[in-house]
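Residues per chain, in single letters:
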Amino acid sequence: MNVRPEITISSLDADRLYKIIESLPANSFPGIDELEAELDRANVVDPKEVPPDIVTMNSTVKFVVESSKDEVELTLVYPKDVDSSGKSISVLAPVGSALLGLSVGNEIEWPKPGGGFIKVTIKEITFQPERAGEYHR
């Protein structure tokens, strides 16, 4: 697997995500170790210091899934905020975990449940709460 790009996460997102991880029953989420490893290696900054081209929680991001070449636009959300519109993705989903903290132009390979990898490339962040001045959403 390729070296993963540097990632930046707001301290608010990191705190909330660690709490979610701690609240999950053991072995209830196949990608929990990968998500926790990403949080552990992330550059954690104050929400007001998050660069405008970083995927944060509640960001809407356009990305390409390399295997299918499909361009997708989804909002990265906490599990409780996933809805049936098909326009959101949980941070606990493999692609959701992969998106967190990346910047425009980054690509990453991420383990899929059942084996193999998914590779995504960030094309654009159409909305980022921090860029919009929403630091405590």
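Preceding this section is the structure that the text describes.
Definitions and cut-offs
Residues numbered from 1 in each chain as written. Predicted model: local features only at pLDDT ≥ 70, side-chain atom pairs only at ≥ 80, totals over all residues. Heavy atoms only, no water. Core = buried A, V, L, I, M, F, W, Y, C linked by side-chain atoms within 4.5 Å. Buried < 20%, exposed > 50% of the residue type's maximum accessible area, 1.4 Å probe, protein only. Helix = DSSP H or I, 4+ residues; strand = E, 2+ residues; numbered from the N terminus. Contact = heavy atoms within 4.5 Å. Axes fitted to C-alpha atoms, helices over the stretch in contact; angles between N-to-C directions. Parallel < 35°, antiparallel > 145°, perpendicular 65-115°, else oblique. Left-handed = near helix turned anticlockwise from the far one by under 90°. Nonpolar A, V, L, I, M, F, W, Y, C, P; charged D, E, K, R; others polar. Salt bridge = Lys/Arg side-chain N within 4 Å of Asp/Glu carboxyl O. Arc of directions from axis to C-beta.

Some remarks on the nonpolar core
Leu17, Phe63, Val91, Leu99, Leu100 and Val120 are the most contacted members of the largest nonpolar core, which has 33 residues in total. Of all the secondary-structure elements, those providing two or more residues to this core are helix H1 (11-23), helix H2 (32-41), strand S3 (60-65), strand S4 (70-77), helix H3 (94-99), strand S6 (107-111) and strand S7 (117-127). Setting aside chain neighbours within four positions, we find Leu100 in contact with Ile7, Ile9, Leu17, Leu35, Leu39, Val55, Thr56, Met57, Leu76 and Val91.

Here's the deal with the packing of H1 against H2
H2 packs onto H1 with a crossing angle of 150 degrees between their chain directions and a minimal axis gap of 11 Å. Judged by the inter-axis angle, H1 sits roughly antiparallel to H2. Judged by the twist between their axes, the crossing of H1 over H2 is left-handed. Side by side, H1 and H2 meet where Ala14, Leu17, Tyr18 and Ile21 of the first sit next to Ile32, Leu35, Glu36, Leu39 and Asp40 of the second. In terms of residue class, the contact of H1 with H2 is built from seven nonpolar, no polar and two charged.

Focus on the pattern of salt bridges
Within this structure, the stated rule accounts for five salt bridges. Two residues, Glu38 and Arg41, come together in a salt bridge whose shortest N-O distance is 2.6 Å. Of this pair, Glu38 and Arg41 both sit in helix H2, three residues apart, roughly one helical turn. By relative accessible area, which is 34% here, Arg41 ends up partly exposed. Between Lys62 and Glu124 there is a salt bridge; the shortest N-O distance is 3.7 Å. Of this pair, Lys62 sits in strand S3 while Glu124 sits in strand S7, and the two are 62 residues apart along the sequence.

So, H2
Regarding H2, the residues found buried are Ile32, Leu35, Glu38 and Leu39. Down the axis of H2, the buried side of the element spans an arc of 125 degrees, and every buried residue falls inside it. What points out from H2, more than 90 degrees from its buried face, is the exposed set Asp33 and Asp40. The inward-facing, buried residues of H2 abut strand S1 (8-10), H1, H3 and S6.

Section: the environment of Arg16
Residue placement: Arg16 occurs in helix H1. Sequence separation between Arg16 and Leu92 is 76 residues; the distance between their C-alpha atoms is 13 Å.

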